[in-house]
Amino acid sequence: MNHISKENLDLLFKYALEAKETSYSPYSKFRVGAALLTKDGTWYKGCNVENASYGAAICAERTAYCKAISEGHREFIALAVSTDQDDFVSPCGICRQFISEFGPGSLPVYLLNTKGEFKLITLSELLPLSFSLEQGQKFLIK
Ligand code: THU
């Protein structure tokens, strides 16, 4: 797992909490914020953005990833996710697959609750046996 300095960990948590404040979630009222640190030290925040056509909603994690990827980043150091829940909330299945596209499996994912606690889990633990492009290509040529 990547080593993250205390300074970066504090920023990661701060940005994940800040990102939640911009959540657009009038339908679910379930605010989610995500913070993403890229390999070159750039930070991205993301929130969930809902829609009157419910299925058009995008999760906070994917918002952060899309912001980073569309700015040219492909390698990531750490992700944090915050909600308004006392319990830890982990990324949905679509986000797990989306995040696993970029990896690494050892990516640390910090889940934050409202008590100021965090749970640390790796991407591989969130999505074991993930479907990847390499496997996909093998499927295609068989
Ligand atoms: N949501 C996220 O932003 N991330 C997740 O990993 C789980 C769900 C959002 C989607 C929707 O806006 C709200 O939470 C309720 O599902």
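What comes next is a walk through the structure.

### Focus on the packing of aromatic side chains
Counting across every chain of the model gives eight aromatic pairs. Consider the rings of Phe13 and Phe118, whose centres lie 5.2 Å apart with planes at 55°: the pair is tilted. In this pair, Phe13 is assigned in helix 1 (residues 6–21) and Phe118 in strand 5 (residues 118–122), connecting sequence segments 105 residues apart. What makes Phe13 buried here is its relative accessible area of 16%. In this structure Phe118 comes out as partly exposed when scored by relative accessible area, which is 40%. Among the aromatic residues, those joined into a ring-pair cluster are Phe13, Tyr110 and Phe118.

### Topic: the nonpolar core
Grouped together as the largest cluster of nonpolar side chains are 20 residues, with contacts concentrated most on Leu36, Tyr65, Phe76, Leu79, Ile99, Leu107 and Val109. Secondary-structure elements contributing two or more residues to this core are strand 1 (32–38), helix 2 (60–70), strand 3 (76–83), helix 3 (93–100), strand 4 (108–112) and helix 4 (123–126). Sorting elements by how many residues they give to this core places helix 2 first, with five residues. Those residues in contact with Leu79 that lie beyond four places of it in its chain are Leu12, Ala34, Ala35, Leu36, Glu61, Tyr65, Ile99, Leu107, Pro108, Val109 and Tyr110. In this structure, Leu12, Ala16, Ala78 and Leu112 belong to the second largest nonpolar core, which totals 13 residues.

Cut-offs applied
Residues numbered from 1 in each chain as written. Predicted model: local features only at pLDDT ≥ 70, side-chain atom pairs only at ≥ 80, totals over all residues. Heavy atoms only, no water. Phe/Tyr/Trp six-rings, centres within 6.5 Å; stacked < 30°, edge-to-face > 60°. Helix = DSSP H or I, 4+ residues; strand = E, 2+ residues; numbered from the N terminus. Buried < 20%, exposed > 50% of the residue type's maximum accessible area, 1.4 Å probe, protein only. Core = buried A, V, L, I, M, F, W, Y, C linked by side-chain atoms within 4.5 Å. Contact = heavy atoms within 4.5 Å.

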